[in-house]
Amino acid sequence: MVVTSSRLAAVRYFHEVKRYIESQKYDDVEILIAFSGAVQDGDEEYTEPKLNVRRDGSHIAETQTKAEFHENFNVLIVAEKYQTGFDEPLLHTMIVDKKLKSVKAVQTLSRLNRTCPGKEDTFVLDFVNSQEDILAAFQPFYQETTLQQEVNVDLIYQTQKELRGFGIYSDTDIEAFAKEYFKRGKQDSKAVGRMTSVLKPVADRYNQKTADERYQFRRQARSLVKWYGYISQIVRMFDKDLHKEFVFCSYLLNLLPAEAVDMVDLEGKLKLEYYKLQKSFEGTITLQEEKGVYEAAKQKGAAGHDPKEPLDEIIEKINEKYKGAFTEGDRVLLNALHAKLITNKKLASMAKTSDPQIFTESIFPKAFGDAAQDSYMEAQETYTTLFEDQHKYNAIMSALAEIIYRELRKQ
C-alpha cells in the first residue's frame, strides 16, 4: 500500500508507478488506486473506476476494489480512503508519503497488523515521518488508554446551533427529507431523485453565501456528521430530531459543490539542482509500558481555512528543491519579510487590480527587494545569507509572491 498526501498525488503516483512497471516489463505486478470523487489533473478528469482496469480491459467499480485487490492485484495506492478501516490480511508493505499524526498514524500503520498463514513480518518505508513522530503517536495507545476528560456531547448541539445560524436549512427541510428517507417499505428507483429535489433549494441558498460562509458551513456540517457518528457509538443518544439532522447533513455534504482551491504553483520558479535521499532511521520503535491518555475531540475555532500556516507549506516545498535546507533562522527571516509585505498598502492595491503573473513577475520583485534591503539594515547578520545566495533569494521571493498575492486579494 502506498499512502499519499492527496487525491491528486495518488493519481500521479498511479501513473508513474504504472509507467515504471511497463518500462521494466514486469508482467506479475498489477496496481489499483483508491480515492473518492473525481480528480482534475490538467485537462484530464480521473475517477477510481476510470483508472482501475482488469487485464481483460473491463473497469472495476468502487464496490469491487477491495475484493479485486485481494484476489488479483499487488499494489494499492490510496489517498485517505482505505487509510483506516481497511482489513486485508495479505497486506505486508506500506510506503508512506504523508504526514501522519496521533490516532491517524496508529490507524494507518495498523492496516499491516492483520495476520495470515505465511505472513511473518511487515515492512514500512516512510519518507515523511520521523522515528520520534511515530513513537509519539503510538505511545498513548500502547498500554491502557483513558480519555483526558468525558466526551462532551454538548459539542454536537453547539455545532447544530451554529449551522442553523447560516440560515441555509430549517426544520421544514429536514422533515421533508426525513419523510422520504425513512419511508417504510422498499425505496423505488425515483427515491434518490425525490430526496435530491428536497435538498436542491437548500443547495441554492448555500450557493448564495460568500466563499468564506460556504467554507465555514461545510466545515461545521462535517463536524456535526463526524461527532455524531463518533459519540453515538459510545453514548446512547435519544434525540430523534438530531439523528434526522445527522442523516440530512450527511447527504447534503455530498450534494454541495467543492470550492476551487488556489494552488501555490512553484513550477518554473524553482530549479532543482540538488537532491539527496538519506536514510534517517531503520529498526524497531520501542514503546514504553505506561498508561496513555487520549484527548477527546473539542471544537475548533471558526477562523481560518487550514490550521497549517501557509509559510510552513512554502518552506516544505522549497526544502524539497532548494539545495540548502531552511533553518529556524530562515523561518524567522521569512516570517519577518511576510509581515512587512502583507502590510504594504501600495502592494495591496496593486494585488487587487493585477493578474497573478503580472503581480509575481513585474510588481512583487521590487517590493520584495525593498523589504529585504530594509530588513538587512535592521539585522545584517540575519539577512546576509539571503543576499549571498541568489538561488535562496529567488526561491523565497517566488514563494512569498504567491502567498502575498492570495492573501492581499482576500483583504
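Residues numbered from 1 in each chain as written. Predicted model: local features only at pLDDT ≥ 70, side-chain atom pairs only at ≥ 80, totals over all residues. Heavy atoms only, no water.

Asks: Break down the side chain of K244 for me, with residues and values.
Replies: In this structure, K244 sits in helix α10 (residues 240-255). A distance of 3.3 Å separates polar atoms of two side chains, one belonging to K244 and the other to E175. Those residues in contact with K244 that lie beyond four places of it in its chain are I174, E175, A178 and F182. (Helix = DSSP H or I, 4+ residues; strand = E, 2+ residues; numbered from the N terminus. Polar contact = N/O pair within 3.5 Å; in protein donor to acceptor, adjacent residues only side chain to side chain. Contact = heavy atoms within 4.5 Å.)

Asks: Tell me about the pairing of strand β4 (residues 44-47), residues and numbers included.
Replies: Note: strand β3 (residues 38-41) against β4, four bridges, orientation antiparallel. Considered in β4, the bridge of Q40 is made with E45. (Pairing = 2+ DSSP bridges.)

Asks: Lay out helix α1 (residues 7-23) with the relevant residues and their values.
Replies: Across its 17 residues, α1 extends 24 Å between first and last C-alpha, which sits within 8% of the 24 Å expected from 1.5 Å per residue. For α1, the full list of buried residues reads A9, A10, V11, F14 and I21. On its buried face, α1 is in contact with β2 (31-34), β3, β4, α2 (48-51) and β5 (75-78). Of the residues trailing α1, K25 is marked for its positive phi of about 60°. (Expected span 1.5 Å × (residues − 1). Buried < 20%, exposed > 50% of the residue type's maximum accessible area, 1.4 Å probe, protein only.)

Asks: Describe the sheet that holds β5, naming the residues involved and giving the relevant values.
Replies: Spatially, the five strands line up as an open sheet ordered β2-β5-β1-β6-β7, and their pairing is parallel. In the strand order of this sheet, the two ends are held by β2 and β7 (123-126), each with one partner. When strand β6 (residues 93-96) meets β7, the two strands line up parallel, connected through four bridges. Across the sheet, residue M94 finds its bridge partner in β7, namely V124. Sheet contacts for α1: β1 (2-3), β2 and β5; angle to β2, the most-contacted strand, approximately 175°. (Axes fitted to C-alpha atoms, helices over the stretch in contact; angles between N-to-C directions.)

Asks: Talk me through unusual backbone geometry; I want residue IDs and the actual numbers.
Replies: Phi is positive for K25, which is not a glycine, with a value near 60°. Owing to a relative accessible area of 71%, K25 belongs among the exposed residues under this scheme.

Asks: Give me the packing of helix α7 (residues 171-181) against α10: which residues, what numbers.
Replies: At a minimum axis distance of 9 Å, the contact between α7 and α10 shows a crossing angle of 85°. Relative to α10, α7 is oriented roughly perpendicular. Contact with α7, carried on its side by D173, I174, E175, F177, A178 and Y181, involves D241, K244, E245, V247, F248 and Y251 of α10 and no other residues of that element. Residues of the contact of α7 with α10, tallied by class, amount to seven nonpolar, no polar and five charged. (Parallel < 35°, antiparallel > 145°, perpendicular 65-115°, else oblique. Nonpolar A, V, L, I, M, F, W, Y, C, P; charged D, E, K, R; others polar.)

Asks: Tell me about the packing of aromatic side chains, and please be specific about residues and values.
Replies: This structure, assessed with the given rule, holds 12 aromatic pairs. Pairing Y169 with F217 gives two aromatic rings, centres 6.2 Å apart and planes at 70°, and the pair type is edge-to-face. Placement of Y169 in the loop between α6 (154-164) and α7 and of F217 in helix α9 (residues 211-234) is noted, with a sequence separation of 48 residues between them. Using a relative accessible area of 4% as the deciding quantity, one classes Y169 as buried. Look at F217 and you get buried, because its relative accessible area is 1%. Seen from their ring centres, F177 and F248 are 5.8 Å apart, and the 85° between their planes marks the pair as edge-to-face. In this pair, F177 is assigned in helix α7 and F248 in helix α10, connecting sequence segments 71 residues apart. The pair F177 / F248 is uniform in exposure class, with both members buried. (Phe/Tyr/Trp six-rings, centres within 6.5 Å; stacked < 30°, edge-to-face > 60°.)

This is a description of form; function is not addressed.
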